[in-house]
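Observations on chain architecture
Residues per chain are reported as follows:
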Amino acid sequence: MAASMRLLVRQLARLSHRKVTSTVSGVSCRSACCWRTSSGRCFSDAAEDRSTHFGFETVSEAEKAKRVYKVFENVAQKYDVMNDAMSLGIHRLWKDVLLHVMHPQPGARLLDVAGGTGDIAVRFLDYVRYQLERQKRRDTPSGQGSSWQDISDDRRRESSAVVCDINKEMLKMGKQKADRMGVVSGLSWVVGDAEELPFDDDQFDIYTIAFGIRNVTRMDQALQEALRVLKPGGRFMCLEFSKVTNPVLARLYDAYSFQVIPVLGEVIAGDWKSYQYLVESIRKFPNQQEFKGMMEDAGFYCVQHHDLTGGVVALHSGFKL
Amino acid sequence: MSYNVATAALGHTDRGEHSSHRSPRPPTLCVHRLHTGRADRTFSHYDGLYPGHIITTPFQKALLAVGSGVVALQDPYRHDMVAVLGETTGHLVLINLRDRMRNDPEGYTVLTERPKIRLSTLDLEKMASLPDGSFGREYLRFLEDNEVTPDSRAEVKFVDDEELAYVMLRYREVHDLMHTLLGMPTNMLGEVAVKWFEAAQTGLPMCALGALLGPLRLNTRRLQSLFTSLGPWALQNGWQARCVLSIFYERRWDQSLEELRRELKIQPPPVDFTKRRKNGR
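For every chain, the first residue of the written sequence is number 1, and numbering continues from 1 along that sequence. The naming scheme follows written order: chains are lettered A onward, ligands numbered 1 onward. For a predicted model such as this one, the threshold for reporting local features is a pLDDT of at least 70, and the threshold for listing and counting side-chain atom pairs is 80 or more; totals across whole chains, interfaces and linings nevertheless cover every residue. Hydrogens and waters are ignored; side-chain quantities use all the structure's heavy atoms.

With an unreviewed UniProt entry as reference, chain B is termed Ubiquinone biosynthesis protein COQ4 homolog, mitochondrial, source organism Nothobranchius furzeri. Turning to chain B, the UniProt record has this under Function (unreviewed entry): "Lyase that catalyzes the C1-decarboxylation of 4-hydroxy-3-methoxy-5-(all-trans-polyprenyl)benzoic acid into 2-methoxy-6-(all-trans-polyprenyl)phenol during ubiquinone biosynthesis." UniProt positions are given in the numbering used here, feature names are shortened, and annotations may be inferred rather than shown by experiment. As its UniProt record puts it under Subunit (unreviewed entry), chain B is described as follows: "Component of a multi-subunit COQ enzyme complex, composed of at least COQ3, COQ4, COQ5, COQ6, COQ7 and COQ9."

Per an unreviewed UniProt entry, the recorded name for chain A is 2-methoxy-6-polyprenyl-1,4-benzoquinol methylase, mitochondrial, and the organism is Nothobranchius furzeri. Comment text from UniProt for chain A, heading Pathway (unreviewed entry), reads "Cofactor biosynthesis; ubiquinone biosynthesis." In the Subcellular location (unreviewed entry) part of its UniProt record, chain A is described as follows: "Mitochondrion inner membrane".

Quick look at the structure:
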């Protein structure tokens, strides 16, 4: 009940603040004053007053969102190539681990936020389709075709993945890639802001955000939105660069991040500063424990985290109950 | 492609000292960003010595030099990589060039007044009305024939001295003027010939590398032309010509091209590409 009222009020506010809320800053101010219809400047004023970090720089929140958008607009073309170059291909393993821990079952609905070029969503669809094939092979003795029952069961167990990203360029690249790979059915591409998702409550079984949450201006809001759109029993999973505890590895990782990655960015993508921002933003992200605390504050239960590659990447998982 | 518009001459009036270690002067030029397509326009502040300056450690410069060299070889159309290679390898040569400019009275004026060749600073109508054979008219013809613009110049990023960064930028701007002065088109053969000239003139490692590796992409007939006539001519002129960076080109548009060549001690090219174009070659 409360959820649908919130939705109605939010929709009304959206209608009246259409021009303001459709800017890329996407700040949704949750205090009561912002439901005022008289002045549309409430959102942007609040966002300009609060400051946050953009890499090692301090900027206003409105400014951060704009600059992050520009960064990803610039890097979209070479995003996948750069990922492979920077992580020496290991990012593929991290994403595979995410899927294995997720272990989705056929019929699950995935929302991949900040999904950009669609790596997680495509893996998800491959995984559930493989699971479905295995199940069918186990259940159906060889030689028999599918019955009407089987076909309707399949329909009900058809999984779907929604890739949501604030950046149109990244989505465009992702869609092109998926089309090239032949993954089309069950996949949809939606422009949306993690702080204010364009979905109803209780829609998805799994919410993932891989290497995206550190770019969100208000992480607490993104977590609340994640809780909202998940079904009860749904799972939130987050892959993100985190703190390396081993001091030797940490020194090597820092040296590599700051010395080599911007150079790779300049040479491969012709863009030093965007990659400088990326490595700085990793350092500003809360560590494993802190992020776990943020998830619990947002209302997730059974929050766990696993370190990958010595803490370079952390996988956080929580449930909506 | 984005470009800056320098709306006023730099207000560098304080030129009393000639020390080689100049402290970073706050820039007084107005820079308007008209089109924010390029990545480097995302960041509105700069904490280097000049707009666009990226501070790098020697290790990073070495990596950049190697990386940009590899990419530039693989894809010569990555002009930004050629530019980065030039910046990361040319420090000593830039100092030498700057000193040559300082020792020449006209070059000193260029260093002081810091002219920049941009579409916005060129009076195209006036240049088009100049007589044929004048430097300005021929330069305009070169831009039109080859469909290039002076604004597609890569920014200087990795040079750690503000004045040397200007010398580098001026070198890039003067490159097109070299094409006009030498009468070379922008095809591979013409570019290699200009590179040979520039390598002999400036000694920039990037030019030398381009001069050595450029010919690898030419067919046999052009290679022959390069080694028998164009090449020796370009080298000879490179060595004997006056320092091309020391000329205040912006004040010489109405000068006759032949006269300018004589002044710079550049002989006309052995092959006339303009005639060939007219014959529909």
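1. Thoughts on the UniProt feature "binding site: Zn(2+)" (unreviewed entry) in chain B
All names here are of chain B. Per the UniProt entry, the sites bearing "binding site: Zn(2+)" (unreviewed entry) are H175, D176, H179 and E191 in this numbering. In terms of the greatest pairwise C-alpha distance, the residues named above, spread along 17 residues, form a tight cluster of at most 10.1 Å across. Structurally, D176 can be placed in helix α7 (residues 162-182). What makes two residues a contact is simply this: any of their non-hydrogen atoms within 4.5 Å. Setting aside residues no more than four positions away along its own chain, D176 makes contact with Y139, F142, L143, T149, P150 and R153. Put simply, DSSP H or I for four residues or longer makes a helix, DSSP E for two residues or longer makes a strand, and each gets a number counted from the N terminus. Relative to the elements of secondary structure, H179 occurs in helix α7. Each residue is assigned to one of three classes by its accessible area relative to the maximum for its type, calculated with a 1.4 Å probe on protein chains only: buried under 20%, partly exposed between the two thresholds, exposed over 50%. For H179, a relative accessible area of 1% gives the class buried. Discounting chain neighbours no more than four positions away, the residues touching H179 are F142, M184, P185, T186, G190, E191 and V194.

2. A word on the packing of helix α3 (residues 91-103) of chain B against α7(B)
All names here are of chain B. Between N-to-C directions, angles span 0 to 180 degrees; the directions come from axes that are lines fitted to C-alpha atoms, helices contributing only their stretch in contact. The contact between α3 and α7 brings their axes to 9 Å, and the two run at 85 degrees. Taken together, α3 and α7 sit at an angle that is classed as roughly perpendicular. Residues H91, L94, I95, L97, R98, M101 and R102 of α3 form the contact with α7, whose participating residues are E163, L164, V167 and M168. Residue classes follow a fixed rule: Ala, Val, Leu, Ile, Met, Phe, Trp, Tyr, Cys and Pro count as nonpolar, while Asp, Glu, Lys and Arg count as charged, and any other residue, Gly among them, counts as polar. Looking at the contact of α3 with α7 residue by residue, the class counts come to seven nonpolar, one polar and three charged. An angle counts as roughly parallel when it lies under 35 degrees, as roughly antiparallel when it exceeds 145, as roughly perpendicular when it falls between 65 and 115, and as oblique in every other case.

3. A short note on the sheet that holds strand β9 (residues 313-319) of chain A
Residues and elements named next belong to chain A. Criterion used throughout: strands pair if DSSP finds at least two bridges between them. The mixed open sheet is built from seven strands, whose spatial order is β5-β4-β3-β6-β7-β9-β8. In this open sheet, the two strands that pair with only one neighbour each are β5 (187-191) and β8 (301-308). The average angle at which neighbouring strand axes cross in this sheet is 15 degrees, direction not considered. In this structure, strand β3 (residues 109-113) lies alongside strand β6 (residues 204-210), joined through four bridges in parallel fashion. The residue of β6 that forms the bridge with L110 is I206. Sheet strands in contact with helix α6 (residues 90-102) are β3, β6, β7 (230-241), β8 and β9, and its direction is about 160 degrees off that of β7.

4. Considerations on the environment of G136(B)
Residue and element names in this part refer to chain B. Tracing the chain through its elements places G136 in helix α6 (residues 135-146). Assessed through its relative accessible area of 0%, G136 is described here as buried. Distance from G136 to K61, taken between C-alpha atoms, is 38 Å for residues 75 residues apart in sequence. In this view, G136 contacts M127, L130 and W253; residues no more than four positions away in its chain are not counted.

5. Focus: the UniProt feature "binding site: S-adenosyl-L-methionine" (unreviewed entry) in chain A
All names here are of chain A. Taking the UniProt record as the reference, the feature "binding site: S-adenosyl-L-methionine" (unreviewed entry) is found at T117, D165, D193 and A194. With respect to the helices and strands, the residue D165 is situated in strand β4 (residues 160-165). D165 gets classed as buried once you look at its relative accessible area, which sits at 8%. In this structure, D165 is in contact with A114, G115, G116, M170, L171, V190, V191 and G192, ignoring residues within four places of it in sequence. A polar contact of 2.8 Å, which involves the side chain of D165, links it to the backbone nitrogen of G116. For A194, the position within the fold is in the loop between β5 and β6. If near-sequence neighbours (up to four positions away) are discounted, A194 is found in contact with V113, V216, Q221, A222 and E225. N or O atoms within 3.5 Å of each other form a polar contact, as long as, within protein, one can give a hydrogen and the other can take it, and as long as residues adjacent in sequence are counted only when both atoms are side-chain atoms.

6. Topic: unusual backbone geometry
All names here are of chain A. One non-glycine residue with positive phi stands out, namely H103, at about 45 degrees. With respect to the element layout, H103 can be found in the loop between α6 and β3. In this model, C302 sits at a positive phi of 50 degrees, which is unusual for a non-glycine residue. As for its position among the elements, C302 is in strand β8.

7. Here we look at the side chain of R137(B)
Residues and elements named next belong to chain B. Positionally, R137 belongs in helix α6. What makes R137 buried here is its relative accessible area of 15%. Once residues lying within four places of it in the same chain are set aside, the contact partners of R137 are M127, A128, L130, P131 and D132.

8. Digging into the interface of chain A and chain B
Taken together, the contact between chain A and chain B spans 20 residues of the former and 26 residues of the latter. Using a 1.4 Å probe, buried area is obtained as the accessible area two parts lose upon being combined, added over both of them. Here chain A and chain B share an interface that buries about 1800 Å² over both sides, 60% of which is from carbon and sulfur atoms. Three residues, V267(A), W272(A) and K273(A), lead the burial of chain A against chain B; their summed loss comes to 35% of the area buried on that side. For this document, the term salt bridge refers to a Lys or Arg side-chain nitrogen within 4 Å of an Asp or Glu carboxyl oxygen. Between chain A and chain B we count one salt bridge in total.

9. Observations concerning the nonpolar core
In this structure, Y139(B), L181(B) and Y249(B) are the most contacted members of the largest nonpolar core, which totals 60 residues. Those elements giving two or more residues to this core turn out to be α3, α4 (105-113), α6, α7, α8 (188-202), α9 (205-213), α10 (220-240) and α11 (257-264) of chain B. With 12 residues, the single largest contributor to this core is α7(B). For Y249(B), the residues in contact, after removing those within four places along its chain, are F135(B), R170(B), V174(B), L177(B), M178(B), L181(B), V244(B) and L264(B). What is meant by a nonpolar core is a set of buried Ala, Val, Leu, Ile, Met, Phe, Trp, Tyr and Cys residues, joined one to another through side-chain atoms within 4.5 Å. Of all hydrophobic cores here, the second largest spans 34 residues; its members include Y127(A), L171(A), W189(A) and V244(A).

10. Some thoughts on the environment of S229(B)
Residue and element names in this part refer to chain B. One can find S229 in helix α10. Separated by 40 residues in the primary sequence, S229 and P269 have C-alpha atoms spaced 9.0 Å apart. Setting aside residues no more than four positions away along its own chain, S229 makes contact with Q224, P270 and V271.

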